[in-house]
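Structural features, examined
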Amino acid sequence: MKPYTTMINTETGFLERAQNHLERKLSSMKGQYLDTETYEVLLKNEDSLVYEVYENIEMPKKPGELYHGSSIVHPGKVGAEYFMTKGHFHQVLETAEVYYCLHGNGYMMMETPEGEWAAEELTLGIVLYVPPCWAHRSINVGGSDLVTFFVYPGDAGHDYGTIEVKGFRKLLVEKGGKPTVIDNPRWVGK
Ligand code: PAN
Ligand code: ZN
């Protein structure tokens, strides 16, 4: 690899030189939202785009490398629950990640296998450190796109299965017009 520069549009999240552009629609979020009835109704009407990721993936998946890209969570809700990413642990659990918020308003929901959890606010200029072993999911609580830039070790990999099966311990829902953390009644685990 040679050194390079690239450009990120801080409003749209578009990352030049990204080799990977991922689009996640509502249909790929099955089982993730609490209000399954509303989810099915919305899905029947339109398979909306929930979030996108632009990523530079040309470097080898090695510990010394730094994968990086942008994540754009569009505004929206399923019932009282905001549009969000699937969320994951890293496959190599002991790997961290840094997020920098470029646009919008949201939260990062995080938890460890041992049961610790945290919800940190994301607004323009916020730098968020996700320590090793913490699962993470970005949630858009605003009316415009939530755009973040992220960097993580090249060997980290992604474990989506654990969250798909167990869910997050906590959810973020709108209550009285405000983002509110609640226990996930469907959380499966010990
Ligand atoms: C990010 C996320 C991105 C999309 O690049 O992958 O925000 O979220 P999901 O991967 O949960 O769908 C990251 O955390 N990488 O490790
Ligand atoms: Zn990650």
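The structure under discussion appears in the preceding block.
Residues numbered from 1 in each chain as written. Chains lettered and ligands numbered in written order. Predicted model: local features only at pLDDT ≥ 70, side-chain atom pairs only at ≥ 80, totals over all residues. Heavy atoms only, no water.

**Regarding unusual backbone geometry**
Not every positive phi belongs to a glycine, and Arg17 is a case in point at roughly 70 degrees. Residue position: Arg17 is located in the segment before β1 (20-25). For Arg17, a relative accessible area of 39% translates into the label partly exposed. Non-glycine residue Cys133 carries a positive phi angle of around 80 degrees. As for its placement among the helices and strands, Cys133 is situated in the loop between β10 (127-130) and β11 (135-140). (Helix = DSSP H or I, 4+ residues; strand = E, 2+ residues; numbered from the N terminus. Buried < 20%, exposed > 50% of the residue type's maximum accessible area, 1.4 Å probe, protein only.)

**Comments concerning the layout of surface pockets**
Considering only enclosed or pocket space, the largest pocket measures out at about 310 Å³ in volume. Every residue lining the largest pocket is counted, 19 residues in all, and those nearest its centre are Tyr51, Val53, His88, His158 and Tyr160. Elements represented by at least two residues in the lining of the largest pocket include exactly β1, β2 (49-56), β7 (97-103), β11 and β12 (146-153). The class makeup of the residues in the lining of the largest pocket is seven nonpolar, eight polar and four charged. (1 Å grid on protein atoms, 1.4 Å probe; cavity = no way out; pocket = protein on both sides within 12 Å on 5 of 7 lines; lining within 4 Å. Points joined across faces, edges and corners; volume = space filled by probe spheres on them. Nonpolar A, V, L, I, M, F, W, Y, C, P; charged D, E, K, R; others polar.)

**A look at the pattern of salt bridges**
It is possible for side chains bearing opposite charge to pair when their charged atoms get close. Inspection of every chain in the model, using the stated rule, returns six salt bridges. A salt bridge links Glu40 to Lys30, with the nearest nitrogen and oxygen atoms 2.8 Å apart. Of this pair, Glu40 sits in helix α1 (residues 36-45) while Lys30 sits in the loop between β1 and α1, and the two are 10 residues apart along the sequence. The class for Glu40 is partly exposed, based on a relative accessible area of 37%. For Lys30, a relative accessible area of 55% gives the class exposed. (Salt bridge = Lys/Arg side-chain N within 4 Å of Asp/Glu carboxyl O.)

**Quick notes on the pairing of strand β14 (residues 170-175)**
Examined bridge by bridge, β14 and strand β15 (residues 178-183) share six bridges and lie antiparallel to one another. Paired with Glu174 across the two strands is Pro179, which belongs to β15. Linkage of β14 to β15, two consecutive antiparallel strands, is achieved through a turn of two residues, within which Gly176 is found at a positive phi near 60 degrees. (Pairing = 2+ DSSP bridges.)

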